[in-house]
Amino acid sequence: MALKIIDHGSPEYKKMVDLRFEILRKPLGLSFTHDELDREKEDILIGAFDDDKLLACCLITKVDQATCKLRQMAVQNSQQGKGIGFTMMNFAENIARDRGFKNMSMHARKTAIGFYEKLGYRINGNEFLEVTIPHYVMEKKLI
């Protein structure tokens, strides 16, 4: 498995958008807008590949000089439970550290809380609805 940063607008980015749609949006009856995808030009786009097949992806968005936000973490259904998400998170955290970020936050789906807690993330605040389902803000210091 190869982990790498993806260029916005590239064929790999198209695979990333397709995976995120299938895993995160389609089950909720949602899609992406052109503006949403256009705003990702400034994000760090990360993919896990087996040859040219995208297994998993996520984005890192700058919040401020010290903090970044993990977004749109998705792993192919057939690949879940194989450690790919864990490997992706370690890679994303290392990229964030290398870029000078000290903290990572996210809006984690309620169903994924246990996964992120195992990686050292902690809930900060109350449950809220986002894209029609329960989420929590989770945070971790990247020191």
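Predicted, not measured: the structure shown is a model, and the values here were computed from it.

A. Seen up close, the overall build of the protein chain. Within the protein chain one finds four helices and eight strands. In the protein chain, the order of α-helices and β-strands from amino to carboxyl end is β-α-α-β-β-β-α-β-α-β-β-β. Rg of the C-alpha trace for the protein chain: 14 Å, near the compact-globule value of 15 Å for 143 residues, within the 12% margin. With respect to the three principal axes, the spread of C-alpha positions in the protein chain is 35 × 35 × 35 Å. Sequence separation of 24 or more characterises 59% of the internal contacts of the protein chain that already satisfy a separation of 6 or more. Between the averaged position of the 22 positive side-chain charges in the protein chain and that of its 20 negative side-chain charges there is a distance of 4 Å.

B. Up close: the side chain of E93. When you line up the elements, E93 lands in helix α3 (residues 84–98). Among the polar contacts listed, one links the side chain of E93 to the side chain of K140, at a separation of 3.1 Å. Once residues within four sequence positions are removed from consideration, E93 is found in contact with M104, L119, Y121, K140 and L142.

C. Spatial organisation of helix α1 (residues 11–25). In this model α1 runs 20 Å from its N-terminal to its C-terminal C-alpha over 15 residues, within 8% of the 21 Å that 1.5 Å per residue would give. By the burial criterion, the buried members of α1 are Y13, M16, V17, L19, R20, I23, L24 and R25. Projected down its long axis, α1 carries its buried residues within an arc of 165 degrees, all on one side. The inward-facing, buried residues of α1 contact β1 (2–6), α2 (34–38), β2 (44–50), β3 (53–62), β4 (67–75) and β5 (103–109).

D. Expanded view of the nonpolar core. Among the nonpolar cores identified, the biggest contains 29 residues, and I60, L70 and Y116 are the most heavily contacted of them. Secondary structure elements with two or more residues in this core: β2, β3, β4, α3, β5, α4 (113–118) and β8 (133–141). The leading source of residues in this core is α3, at six residues. When near neighbours in sequence (up to four residues on either side) are disregarded, I60 contacts D43, I44, I46, C68, K69, A92, I95, A96 and M104. Residues L19, I23, L45 and C57 belong to the second largest nonpolar core, which totals 15 residues.

About the thresholds
- Residues numbered from 1 in each chain as written.
- Predicted model: local features only at pLDDT ≥ 70, side-chain atom pairs only at ≥ 80, totals over all residues.
- Heavy atoms only, no water.
- Helix = DSSP H or I, 4+ residues; strand = E, 2+ residues; numbered from the N terminus.
- Rg over C-alpha atoms; globule rule 2.2 N^0.38 Å.
- Contact = heavy atoms within 4.5 Å.
- Lys, Arg positive; Asp, Glu negative; His and termini not counted.
- Charge placed at Lys NZ, Arg CZ, Asp CG, Glu CD.
- Polar contact = N/O pair within 3.5 Å; in protein donor to acceptor, adjacent residues only side chain to side chain.
- Expected span 1.5 Å × (residues − 1).
- Buried < 20%, exposed > 50% of the residue type's maximum accessible area, 1.4 Å probe, protein only.
- Arc of directions from axis to C-beta.
- Core = buried A, V, L, I, M, F, W, Y, C linked by side-chain atoms within 4.5 Å.

As far as function goes, none of this settles anything; it's purely spatial.
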